[in-house]
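Architecture at a glance
Here are the chains, one letter per residue:
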Amino acid sequence: MRLLRLRGRIPGCLSASSQGRTLPASLAACPRIFAPRRSFTVARTSCAAHSPVLTADRYPHLKRDTRYKALTDEDIAFFKSVIKSDAGVITADRPDELEPFNEDWMRRFRGQSKVVLRPKTAAEVAALLKYCNEHRLAVVPQGGNTGLVGGSVPVHDEIVLSLQNMNEIRSFDEVSGILTCDAGCVLEVLDNWLAERGYMMPLDLGAKGSCQIGGNVATNAGGLRLLRYGSLHGTVLSMEVVLPDGRIVELGQPLRKDNTGYDLKQLFIGSEGTLGIITAVSILTPRRPKAVNVAMLGVSTFEGVQEVFKHAKGELNEILSAFEFFDHTCLNLVKHHIPNVREPFTTQTPFYVLIETNGSNKDHDDEKLAVFLENLMTEGVVEDGALAQDSTQAAGMWSIRETITESLAKEGGNYKYDLSVPVPHLYSVVEEMQERLASVGLFDKNGSATGRVKHVVGFGHMGDGNLHLNLTSTGWAKDIDEAIEPFLYEIIQKHGGSISAEHGLGLMKAPYLQYSKSEAFIELMRSMKSVFDPNGILNPYKYFPPLSK
Amino acid sequence: MSLNRVLVPVKRVVDYAVKIRVAGGKVDTNVKHSMNPFDEIAIEEAVRLKEKKLAKEVIALTVGPSKSNETLRTALAMGADRGVHIEVPEGSEVLPLQVAKLIKAVAEKEKPELLLLGKQAIDDDSSQTGQMLAGLLGWPQATFASKVEVAGDKLTVTREVDGGLETIASKLPAVVTTDLRLNEPRYATLPNIMKAKKKKVEKLTPKDLGVDVTPTIETVKVIEPPKRAGGIKVESVDELLSKLKNEARVL
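Predicted, not measured: the structure shown is a model, and the values here were computed from it. (Residues numbered from 1 in each chain as written. Chains lettered and ligands numbered in written order. Predicted model: local features only at pLDDT ≥ 70, side-chain atom pairs only at ≥ 80, totals over all residues. Heavy atoms only, no water.)

1. Focus on the overall build of chain A
- A count of helices and strands for chain A gives 19 helices and 16 strands.
- The C-alpha radius of gyration of chain A comes to 23 Å, within 12% of the 24 Å expected for a compact globule of 549 residues.
- If you line up chain A on its principal axes, its C-alpha atoms span 70 × 60 × 50 Å.
- Here chain A holds 549 residues, and 58% of them are scored as buried. (Helix = DSSP H or I, 4+ residues; strand = E, 2+ residues; numbered from the N terminus. Rg over C-alpha atoms; globule rule 2.2 N^0.38 Å. Buried < 20%, exposed > 50% of the residue type's maximum accessible area, 1.4 Å probe, protein only.)

This is the structure in structure tokens:
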């Protein structure tokens, strides 16, 4: 059964609808109070002087696999015969256009692809992929290129196949909320489009201004609203994928319930471009809430944070839509690096919690929230807090949480880890890391930030048991690398946790997969890979731990 | 030497971040509402005066349906001492002149030395209430204030005007309307939200104050601005240049 297709395009899906209305000039000219919700977009500059080291040089053990053919002019001629526009095939004679596709968002990895393909239809993707498969040309599927584990850029000269030109919304059912769209649609654009119809995307992440839904699905992106709307494993109803043999297959159907056959799409969700290329997605979208409330709280201990969470689940219950936490250092870094940040309250506490509620009835939600906040204060669970009184204040509070990533990047030498452990142990991972680095003289536990590792911080999706452990340093160095890994993975293993809660494996975490998964499991993964991509042309060097041990 | 009372009228408006839609010839008001941003600035300024011990009491006042009560709660949570809610039926429109008359009536009862208003509401953008109020009361007015200083019964206000900044001095009582750069309003913190629950809100009707709020202006038509024609995406720089040259004719 084919995915529904409307004739022609749905207009306006590319232009993000403007927020707010015309304001008197004095208001519009002074954005400090009324700053819109920040979502970072990928800023691309290809200045050779600041380019990161080539991945191939940094990881010399990842030798270029000789079974892959090198690119020739005949190959490029073929590509141009499939994608008939000049802009759709970017070759090495246009380095300024080509280079951004070779570098990841963190500016940590740089590949050496000589060509970027930007097809417009699934048929073009199929023709290209089939050719690459037959000629043993390695391919890296790329979406918004905002991934944090180096999975979206080449290691050597793999061809980059970008989905960015496949960005049309195919259909939307206003009764069921099922949206079908091309894989290259930007998440924020989709959300704005749905907003006009009273719906919203079921996921939200800091990269929403640049990330694409195909990439989100391929990496099983989590984000800020997983707590309320669940993971993509639940909200994606079907997808259109292109396999290396050139077949375009629809996995599942855009239906809420369908128990006919193996649920193959689940394999592709989180497969990080190693099984096939996702070209379209059907996703169940929830109604946009009428009432949104955001509050920020100051808590003295991590046990206190867990108490707040218990209260939130009990008293806010079904209207709770996000529960994030961050430590004091994160707030300080945000205040230091991000202009126009305002602290909602002045009491300094070791931990901060950001809570959001979404509901269809403002009075109902306000009442629940009032009871919740009052209990927290009277029982002394929180030291202080603030409740946003309008959208601008709500955006301001979210901005603090969402700009932590940017602030850490600006500090430099930023090591990023994303893990899951049972909630009670979430912050102890941070403390154990601080202890470890202090013991080898790299970190000062007294907070002076004078060690070569300046800060060790924790923040994240507390409600999902997901910690983003980050370290900032004077620069990436082998001894710092070795002090952190595999020690960190051993702690996670000890707690029975996941070495990558939502960021995925990519290049960075693939070698450590065995800390979270058994040999038998990894064997089965390899079997699946050989079913879909027997020649191994899709996203090589990643996802799987190296075979030789 | 401090003022006894500062009276701050506040208005419940469609939230700043909401995209306004027109449905059935009227603005769709089934959306998020919050306090008019300029009124938040006025409350903030009044509370700061109190904190500097230049004023003893801050009274927040609103004219609106029962839901406007929430706006008063915000003002109280920001530090106002008590509220006055002049309630009108849901859906009824009270225009600036009538609002000014209502505020005048309350001011004559409460006798504040300073009336702090937002310079305009972001729904009607009238920028009239403060000025009309001063006229009705016969008080001096300092509008578009970006700085307010009070010393005894002397008021010094820096105003934002087209040519730059203008500083004027006047005696109290006076009417001041706030502009954007006056201050950054505080967040409502939990301890203050809890205190606000105990603060008094007096309910009145226009009839109690002897003011006729029948609109003296009739809204004839409400329409959205014409939709922006969609842009197009070009495939390459060459195509861009060609279009700029041959179609837009700007090269």
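So that's the structure; there's more coming.
2. Some remarks on the sheet that holds strand E8 (residues 248-252) of chain A
All names here are of chain A.
- The five strands are arranged E5-E6-E9-E7-E8 in an open sheet whose pairing can be described as antiparallel. Of all strands in the sheet, those with a lone pairing partner are strand E5 (169-173) and E8, marking the two edges. If you compare each strand with its neighbour and ignore which way they point, the axes differ by 10 degrees on average.
- Of the strand pairs in this sheet, strand E7 (residues 236-242) and strand E9 (residues 277-284) are connected by six bridges, and their pairing is antiparallel. When the bridges of E9 are listed, Met239 appears paired with Val281.
- In the packing of helix H5 (residues 122-134) onto the sheet, the strands contacted are E7, E8 and E9, and the crossing angle to E7 comes to about 50 degrees. (Pairing = 2+ DSSP bridges. Axes fitted to C-alpha atoms, helices over the stretch in contact; angles between N-to-C directions. Contact = heavy atoms within 4.5 Å.)

3. Quick word on unusual backbone geometry
- That bond from A:Glu485 to A:Pro486 is cis: its omega, 5 degrees, falls within 30 degrees of zero.
- Relative to the elements of secondary structure, A:Pro486 occurs in the loop between helix H17 (478-484) and helix H18 (487-494).
- Of note, the amide linkage connecting B:Leu172 to B:Pro173 takes the cis form, showing an omega dihedral of 5 degrees.
- With respect to the element layout, B:Pro173 can be found in the loop between strand E11 (164-171) and strand E12 (174-178).
- Positioned with a positive phi, A:Ala449 is a non-glycine residue whose angle comes to about 60 degrees.
- With respect to the helices and strands, the residue A:Ala449 is situated in the loop between helix H16 (426-439) and strand E15 (453-461).
- Residue class for A:Ala449 comes out partly exposed when judged on its relative accessible area of 24%.
- Non-glycine residue B:Asp125 carries a positive phi angle of around 50 degrees.

4. As for the pairing of E11(B)
Residues and elements named next belong to chain B.
- Within E11, only zero of the eight residues are buried, leaving the element largely exposed.
- Two strands pair when backbone bridges link them, and strand E10 (residues 154-161) and E11 are joined in this way by eight bridges, in the antiparallel orientation. What sits directly across from Lys154, in E11, is Lys171.
- Counted between consecutive antiparallel strands, the loop separating E10 from E11 contains two residues.

5. Points about the pairing of strand E1 (residues 3-10) of chain B
Residue and element names in this part refer to chain B.
- Along E1, six of the eight residues are buried, which leaves the element largely enclosed by surrounding structure.
- One ladder, built from seven bridges, connects E1 with strand E6 (residues 55-64); its direction is parallel. Residue pairing for E6: Leu3 is matched across the bridge by Ala55.
- Looking at chain direction, E1 and strand E8 (residues 114-118) are connected through two bridges and run parallel. Within E8, the residue paired with Val6 across the bridge is Leu114.

6. Quick look at the side chain of A:Arg108
Residues and elements named next belong to chain A.
- Among the structural elements, Arg108 can be located in the loop between helix H4 (95-102) and strand E2 (115-117).
- Buried charged residue Arg108 carries no salt bridge. Nearest counter-charge: Asp481, at 5.2 Å.
- Other than its neighbours up to four places away in sequence, Arg108 contacts Pro52, Arg58, Tyr59, Asn414, Trp476 and Met508. (Lys, Arg positive; Asp, Glu negative; His and termini not counted. Salt bridge = Lys/Arg side-chain N within 4 Å of Asp/Glu carboxyl O.)

7. What to know about the UniProt feature "domain: Electron transfer flavoprotein alpha/beta-subunit N-terminal" (unreviewed entry) in chain B
- Per the UniProt record, "domain: Electron transfer flavoprotein alpha/beta-subunit N-terminal" (unreviewed entry) is annotated on residues 23-213 of chain B.
- In the segment residues 23-213 of chain B, helix accounts for 29% and strand for 34%; the C-alpha atoms at its two ends are 26 Å apart. (UniProt positions renumbered as here; feature names shortened; annotations may be inferred.)

8. What to know about the UniProt feature "domain: FAD-binding PCMH-type" (unreviewed entry) in chain A
- Mapped onto this numbering, the UniProt entry annotates "domain: FAD-binding PCMH-type" (unreviewed entry) at residues 109-288 of chain A.
- Note that residues 109-288 of chain A is 22% helix and 23% strand, and that its end C-alpha atoms are spaced 37 Å apart.

9. Things to note about the domain arrangement of chain A
All names here are of chain A.
- When the domains of chain A are assigned, the result is domain 1 (2-30 + 289-405), domain 2 (47-162), domain 3 (169-284) and domain 4 (411-508).
- Taken residue by residue, the interface counts 18 residues in domain 1 and 17 residues in domain 4.
- Around 1,500 Å² of area is buried between domain 1 and domain 4 when both sides are counted, 67% of it from carbon and sulfur atoms.
- Ranking the residues of domain 1 by area buried against domain 4 places Phe302, Phe325 and Leu333 at the top, with a combined share of 31%.
- In this assembly, domain 1 and domain 4 are joined by zero salt bridges.
- Applying the counting rule to domain 1 against domain 4 returns seven residue pairs in polar contact (both at pLDDT 80 or more).
- Contributing elements (two or more residues each) for the side of domain 1 that touches domain 4: helix H11 (302-316), strand E11 (320-327), helix H12 (328-337) and helix H15 (404-411). (Domains from an automatic or database assignment. Buried area = accessible area lost by both parts, 1.4 Å probe. Polar contact = N/O pair within 3.5 Å; in protein donor to acceptor, adjacent residues only side chain to side chain.)

10. What to know about helix H19 (residues 519-532) of chain A
Residues and elements named next belong to chain A.
- Between its first and last C-alpha atoms H19 spans 20 Å; for 14 residues at 1.5 Å apiece the expected length is 20 Å, and the two agree.
- Taken residue by residue, H19 has Ile522, Met525, Lys529 and Phe532 as its buried positions. Each buried residue of H19 sits inside an arc of 80 degrees when the element is viewed along its axis, so together they form one side. Summarising the geometry of H19, the exposed residues directed more than 90 degrees from the buried face are Glu519, Ala520, Leu524 and Val531.
- On its buried face, H19 is in contact with helix H10 (265-268). (Expected span 1.5 Å × (residues − 1). Arc of directions from axis to C-beta.)

11. As for the pattern of salt bridges
- Counted under the stated rule, the structure contains 50 salt bridges over all chains.
- The salt bridge involving A:Asp263 is made with A:Lys265; its shortest N-O contact spans 2.8 Å.
- Note that B:Arg5 and B:Glu57 form a salt bridge whose closest N and O atoms lie 3.0 Å from each other. With B:Arg5 in strand E1 and B:Glu57 in strand E6, this residue pair connects regions lying 52 residues apart in the sequence.
- The exposure class of B:Glu57 is buried, given its relative accessible area of 19%.

12. Some words on the interface of chain A and chain B
- With 45 residues of chain A at the contact, the number on the chain B side is 39 residues.
- Counting each side, the surface lost to burial between chain A and chain B is near 3,800 Å², with a carbon and sulfur contribution of 55%.
- Our count for the contact surface shared by chain A and chain B stands at three salt bridges.
- Only helix H1 (25-28), strand E10 (291-299), helix H13 (362-378), strand E13 (384-387) and helix H14 (391-402) of chain A provide two or more residues apiece to the side of chain A that touches chain B.
- Among the elements that line the side of chain A that touches chain B, the one with the most residues is H13(A), at seven residues.

13. Some points on the confidence of the model for chain A
- Mean pLDDT over chain A works out to 89, with 91% of the residues at or above the 70 mark.
- Counting contacts from residues 1-49 of chain A, a segment whose pLDDT is below 50, to residues more than four positions away or on other chains yields 116 contacts. (pLDDT = per-residue confidence, 0-100.)

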